[in-house]
Amino acid sequence: MERVDVTGEVCPRPALIVRDRLGDLDPGEQLLVRGDYPPAEENLRRTCRKHGFEVSGESDGGEDFELTITVTDEAASE
């Protein structure tokens, strides 16, 4: 599983970093994303789902979050 830490980054930077990393992955592969900016978490969830990626994970109730993004066949074909 690939990993990327976007801690300390604010929008739109986390989405740009994650998009770049996801572009290198094949269907079935996963990217673990860690961060600490709640708007980035919301944006990543919404954008990834819109483009066909599966997203799971939760925040710790504070600002920190950890998401697992899975590349699907649908997402890879875009």
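Residues numbered from 1 in each chain as written. Predicted model: local features only at pLDDT ≥ 70, side-chain atom pairs only at ≥ 80, totals over all residues. Heavy atoms only, no water.

Enquirer: Let's hear about the nonpolar core: which residues, and what values?
Expert: Counting 17 residues, the largest nonpolar core has Val4, Val18, Leu22, Leu31, Val33, Phe53 and Ile69 as the members making the most contacts within it. Secondary structure elements with two or more residues in this core: helix H1 (13-22), strand E2 (30-35), helix H2 (38-50) and strand E4 (65-70). When sequence neighbours within four positions are dropped, the list of residues in contact with Val33 reads Val4, Val6, Val18, Leu44, Phe65, Glu66, Leu67 and Ile69. (Core = buried A, V, L, I, M, F, W, Y, C linked by side-chain atoms within 4.5 Å. Buried < 20%, exposed > 50% of the residue type's maximum accessible area, 1.4 Å probe, protein only. Helix = DSSP H or I, 4+ residues; strand = E, 2+ residues; numbered from the N terminus. Contact = heavy atoms within 4.5 Å.)

Enquirer: Tell me about the state of the cysteines, and name the residues and values.
Expert: A disulfide bridge is the covalent bond that connects two cysteines by way of their sulfur atoms. All told, the structure shown has zero disulfides when counted by the stated rule. Cysteine Cys11 remains unbridged, with the sulfur of Cys48 as its closest cysteine sulfur at 12 Å. (Disulfide = S-S within 2.5 Å.)

Enquirer: Mind laying out H2, listing which residues take part and the relevant values?
Expert: The end-to-end C-alpha separation of H2 is 18 Å, in line with the 18 Å expected for 13 residues at 1.5 Å each. Within the sequence span of H2, burial applies to Ala40, Glu41, Asn43, Leu44, Arg45 and Cys48. On its buried side, H2 packs onto H1, E2, strand E3 (54-59) and E4. (Expected span 1.5 Å × (residues − 1).)

Enquirer: Before we move on, can you summarise the layout of surface pockets with the specific residues and values?
Expert: Taken as a whole, the largest pocket encloses approximately 310 Å³ of empty space. If you list the elements that add at least two residues to the lining of the largest pocket, you get H1, H2 and helix H3 (73-76). Here the lining of the largest pocket gets five residues from one element, more than from any other, and that element is H1. Grouping the constituent residues of the lining of the largest pocket by class yields 11 nonpolar, three polar and two charged. (1 Å grid on protein atoms, 1.4 Å probe; cavity = no way out; pocket = protein on both sides within 12 Å on 5 of 7 lines; lining within 4 Å. Points joined across faces, edges and corners; volume = space filled by probe spheres on them. Nonpolar A, V, L, I, M, F, W, Y, C, P; charged D, E, K, R; others polar.)

Enquirer: Quick one: what's the story with the pairing of E3, residue by residue and with numbers?
Expert: For E3 and E4, the ladder comprises six bridges, and the chain directions are antiparallel. Looking at the pairing, Val55 lines up with Ile69 of E4. (Pairing = 2+ DSSP bridges.)

Enquirer: Hey, could you go over the sheet that holds E3 for me, with residue numbers and the actual values?
Expert: Taken in spatial order, the four strands make up an open sheet running E1-E2-E4-E3, and their pairing is mixed. Of all strands in the sheet, those with a lone pairing partner are strand E1 (2-5) and E3, marking the two edges. Averaged over all neighbouring strand pairs, the angle between strand axes comes to 15 degrees, with direction disregarded. Set on the sheet, H1 makes contact with E1, E2 and E4; between it and E1 the angle comes to about 165 degrees. Across the sheet, H2 touches E2, E3 and E4, and the angle it forms with E3 is around 165 degrees. (Axes fitted to C-alpha atoms, helices over the stretch in contact; angles between N-to-C directions.)

Interpretation note: all reported values are geometric properties and have no functional meaning in isolation.
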